[in-house]
Amino acid sequence: MSNKKRGLIWFGNDCRVSDNNLLIRANHEVDELICVYLPYSKITNSEGESPSFAKSEHLVKFEKESLGNLATSLNQYGHKLFSLRDFAHLCQVLKALQITTIYRAFHPGMYEQEAEKTIAELFPQVNVCGAHTGSLFHQSQLPFTLETLPATFTKFRKRVEKLTIVEPLERPETLPQAIVLDCPNVKSTLSQNVLYGHFIGGENAGRNHLCEYFSSQLPHSYKLVRNQLDGWENSTKFSPWLASGNLSARQIWHSVIQFERENGSNESSYWIKFELLWREFFHWYSAWHQEKLFHSGGISKAPQLWDDDTDTLKAWINGETGFDIVDACMRQLKYTGFMSNRGRQLVASCLIHELGLDWRLGALYFEHNLIDYDVGSNWGNWQYIAGVGADAKPVRRFDLKKQTQIYDPSRAFINRWLDKGWQKCG
Ligand SMILES: Cc1cc2nc3c(=O)[nH]c(=O)nc-3n(C[C@H](O)[C@H](O)[C@H](O)COP(=O)(O)OP(=O)(O)OC[C@H]3O[C@@H](n4cnc5c(N)ncnc54)[C@H](O)[C@@H]3O)c2cc1C
C-alpha cells in the first residue's frame, strides 16, 4: 500500500474554486487529490420517491451549467470532476482508491449529515475535513450552541450582527496531483437554451452578476423595490448562485461592504446584509432542527392534519386556482424556475390558508422547481408561513386582494403571466 496521502473532495452545493477553504487545505495537506460530485438527490435517491415532482428543466439546466463551469475550472489545475452515481458509489471509490482524507463542506440538511455520519462509521481510518463554506459564520464563531439557537430571526440577528465575517479567499494557485478514476467525468457545457433572463449557472456567471450588480447603483434602492413581483433589477437575484455554491455568502457580504465604502451606505445597502442574515438564520435552523424541518407540525407542535387533495394541488401548481395573483406567480415559477420573495409568500399563504393543503406539498414542489432551492431557506420559510416554525406570530395569512392592490395595481404582472400567448422568452 502506498503511504501517500490521498484526498477526495466531495462537491455538492459548493460548486466553486474561489473562496473554497477545502481546496486550499487539500493543497497543503495531501499528495494526491480526486474531485467528485455527488448531489443531495443521489444521496437520498429522492427523485425516484416522488415522481410527480421530478426536477424542473430550469433546475436541471442551472445545475448542469454550474457543474460544467466547475469542471472547466478544475481542468485548469489538471483535474477532472467525476460525477458519482450514488452514495454506494462514493463508498466504493473511497475504498478502491485508499483515500486518507475526505474534504466536504458542512451541509445543514438532514440527509447530507446522515451520509457524513455513515462515512465516519464505515471508514473510521479516513479523516473527514469539514469547513463552513456555505454560511457567513463558522459554527465556532456563533455566540450560542445550536441547542440554544435563538428562537426567532430578530433575536438571532441581534446576537450575530456585529460578529466579524471573514474575508473570502482567493482561488488556490495549484492543486495536488490528480488521481484518475475509471468513471464518467463532467463535461464542460454551456447551454444555448436560455430559458429566462440571465440565470446561467456557474461560478463565472455568478461572479459576473456580482460585479455588475455592485457596479450599479441598485444597492442604494434595493429595499424600496425588493418586494416587486417581477423585474431583473428589483432584487439582487443572487439566490440561484448561492444555492449551488457558485457564489459564497461571504463574497456577497464583502461586496456590499466595498460598495458602501466607495458609494456610501444607506438603509437599502444595509438591507441586503439583513436578508443574508435571514438566509444564515435558516442555515443554522436547519442544522439544529434536522428532521423537524419536514414534520407536519413543524419544530415544536404536535403533528397536524392537513388536506392533500390532488386536484387542488394540481390547480395550485398549474396556476389555476382562480386567485389571479397566485396563478400568475405559479406560472412565472413554471416558466422560469424563479419567483420573487413576495410571490413566494403569497402562493404559500394561498396553499396553506385558502386551499387548506399540507404546507409540505408546497415546499416539496418548490424543492424540485426553484433554481435557488436551499433546504433551510425553503423549508424554514414554508414553516414560517404555516405558523409551525420560527415566527412570533401564530399564522401568516396574506390578504390576496389587498396584496394585489399594493403590488400589482395595474394588473400588468397578472396579465403578463396569465396571458395564454406568453412564450418562453423571458
Ligand atoms: C415559501 C418560501 C420559500 C423560499 N424558498 C427559498 C429557497 O429555496 N431558496 C432561497 O434561497 N430562498 C428561498 N426563499 C427566500 C427568498 O424568497 C429568496 O431568497 C429570494 O426571493 C431570492 O431572490 P433574490 O436573490 O433576488 O433575493 P434578495 O431579496 O435580493 O435577497 C438577497 C439574498 O438574501 C437571502 N434572502 C432574502 N430573503 C430571504 C428569506 N426570506 N429567507 C432566506 N434568505 C433570504 C437570499 O440568499 C437572497 O439571495 C423562500 C421564501 C419563501 C417565502
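Keep in mind that this is a model prediction, so the values were computed, not measured.

Rules behind the numbers
- Residues numbered from 1 in each chain as written.
- Predicted model: local features only at pLDDT ≥ 70, side-chain atom pairs only at ≥ 80, totals over all residues.
- Near = placed C-beta within 6 Å.
- Helix = DSSP H or I, 4+ residues; strand = E, 2+ residues; numbered from the N terminus.
- Nonpolar A, V, L, I, M, F, W, Y, C, P; charged D, E, K, R; others polar.
- Domains from an automatic or database assignment.
- Contact = placed C-beta atoms within 7 Å.
- Pairing = 2+ DSSP bridges.
- Right-handed = clockwise from strand over helix to strand, strands pointing away.
- Expected span 1.5 Å × (residues − 1).
- Buried ≥ 20, exposed ≤ 12 C-beta atoms within 10 Å, placed from the backbone.
- Axes fitted to C-alpha atoms, helices over the stretch in contact; angles between N-to-C directions.
- Parallel < 35°, antiparallel > 145°, perpendicular 65-115°, else oblique.
- Left-handed = near helix turned anticlockwise from the far one by under 90°.
- Core = buried A, V, L, I, M, F, W, Y, C linked by C-beta atoms within 7 Å.

### Here's the deal with the site of the ligand
Next, step 1: The environment of the ligand is formed by 29 residues, the closest being Ser-235, Thr-236, Glu-275, Asn-378 and Asn-381.
Next, step 2: Put simply, the parts of the chain that give the shell around the ligand at least two residues each are helix H10 (239-243), helix H12 (267-289), helix H15 (341-354) and helix H17 (375-386).
Next, step 3: Element by element, the count of residues in the shell around the ligand is highest for H12, at six residues.
Next, step 4: Partitioning the shell around the ligand into residue classes produces 13 nonpolar, nine polar and seven charged.

### Notes on the domain arrangement of the chain
Next, step 1: We note that the domain assignment places domain 1 (6-133), domain 2 (203-291) and domain 3 (295-418) within the chain.
Next, step 2: Here the C-alpha centroids of domain 2 and domain 3 sit 22 Å apart.
Next, step 3: Each partner contributes residues to the interface: domain 2 has 17 residues there, and domain 3 has 20 residues.
Next, step 4: Contributing elements (two or more residues each) for the side of domain 2 that touches domain 3: H10 and H12.
Next, step 5: Among the elements that take part in the side of domain 2 that touches domain 3, H12 stands out by supplying six residues, more than any other.
Next, step 6: Residues belonging to the side of domain 2 that touches domain 3 are distributed by class as follows: six nonpolar, seven polar and four charged.

### Quick notes on the pairing of strand E5 (residues 127-131)
Next, step 1: Of the pairings in the sheet, the one linking strand E4 (residues 101-105) to E5 comprises five bridges and is parallel in character. Bridging across to E5, Tyr-103 finds its partner in Cys-129.
Next, step 2: A crossover connection joins E4 to the parallel E5 through helix H6 (residues 110-122); in handedness this β-α-β unit is right-handed.

### Concerning helix H4 (residues 57-75)
Next, step 1: Along its 19 residues, H4 runs 27 Å from first to last C-alpha, staying within 8% of the 27 Å computed at 1.5 Å per residue.
Next, step 2: Most of H4 sits out of view: 14 of its 19 residues are buried.

### Digging into the environment of Thr-336
Next, step 1: If you trace the backbone, Thr-336 turns up in helix H14 (residues 324-336).
Next, step 2: For Thr-336, a count of 21 C-beta atoms within 10 Å puts it in the buried group.
Next, step 3: Sequence separation between Thr-336 and Ser-56 is 280 residues, and the spatial gap between their C-alpha atoms is 9.6 Å.

### Focus on the packing of helix H16 (residues 359-369) against H17
Next, step 1: For the pair H16 and H17, the least separation of the axes is 10 Å and the interaxial angle reads 150 degrees. Taken as axis vectors, H16 and H17 run roughly antiparallel relative to one another. As for the relative orientation of H16 and H17, their crossing is right-handed in sense. Across the interface between the two elements, Trp-359, Gly-362, Ala-363, Phe-366 and Glu-367 from H16 touch Asn-378, Trp-379, Trp-382 and Ala-386 from H17.
Next, step 2: In the contact of H16 with H17, the residues fall into six nonpolar, two polar and one charged.

### Brief notes about the pairing of strand E1 (residues 6-11)
Next, step 1: Burial analysis of E1 places six of its six residues in the buried class, the great majority of the element.
Next, step 2: Side chains Arg-6, Leu-8 and Trp-10 of E1 all project onto a buried face; the interleaved residues Gly-7, Ile-9 and Phe-11 project onto the opposite face, where all are buried too.
Next, step 3: The pairing of E1 with strand E2 (residues 32-37) spans six bridges and is parallel. Bridge pairing in E2 links Arg-6 to Glu-32.
Next, step 4: Traced from E1 through helix H1 (residues 21-29) to E2, the parallel crossover comes out right-handed.
Next, step 5: One ladder, built from four bridges, connects E1 with E4; its direction is parallel. Residue pairing for E4: Trp-10 is matched across the bridge by Arg-104.

### Considering the packing of H12 against H17
Next, step 1: In the contact formed by H12 and H17, the axes pass within 8 Å of each other and the chain directions differ by 90 degrees. Classified by the angle between their axes, H12 and H17 sit roughly perpendicular to one another. Touching Arg-279, Phe-282, His-283, Tyr-285 and Ser-286 of H12 are Val-375, Gly-376, Ser-377, Trp-379 and Gly-380, all from H17.

### Topic: the nonpolar core
Next, step 1: In terms of nonpolar packing, the biggest core is built from 69 residues, with Val-326, Cys-329, Val-347 and Leu-351 touching the most fellow members.
Next, step 2: Looking at which element gives the most residues to this core, the answer is H12, with seven residues.
Next, step 3: Each of domain 2 (203-291) and domain 3 (295-418) accounts for three or more of the residues forming this core.
Next, step 4: Core analysis: the next-biggest nonpolar cluster, separate from the first, contains 33 residues, Phe-11, Leu-81, Leu-84 and Leu-94 among them.

### Quick word on the environment of Tyr-213
Next, step 1: Counting through the fold element by element, Tyr-213 comes out in helix H8 (residues 203-215).
Next, step 2: Note on Tyr-213: 20 C-beta atoms within 10 Å, which makes it buried.
Next, step 3: Distance from Tyr-213 to Ser-235, taken between C-alpha atoms, is 9.9 Å for residues 22 residues apart in sequence.
Next, step 4: Residue contacts for Tyr-213: discarding those within four places in its chain leaves Leu-218 and Thr-236.

### Remarks on helix H11 (residues 249-263)
Side chains three or four residues apart in an α-helix point the same way, a direct result of the helix having 3.6 residues per turn.
Next, step 1: The end-to-end C-alpha separation of H11 is 21 Å, in line with the 21 Å expected for 15 residues at 1.5 Å each.
Next, step 2: Among all positions in H11, only Ala-249, Arg-250, Gln-251, Ile-252, Trp-253, Ser-255, Val-256 and Phe-259 are buried.
Next, step 3: The inward-facing, buried residues of H11 abut H8, H10 and H12.
Next, step 4: Phi turns positive, to about 90 degrees, at Gly-264, one or two residues after H11.

### Considering unusual backbone geometry
Most peptide bonds take the trans configuration, and most residues that are not glycine carry a negative phi.
Next, step 1: With a phi angle near 65 degrees, Lys-237 is a residue other than glycine that sits in the positive phi range.
Next, step 2: Mapped onto the elements, Lys-237 comes out in the loop between helix H9 (222-225) and H10.
Next, step 3: Lys-237 sits in the partly exposed class, given 18 other C-beta atoms within 10 Å.

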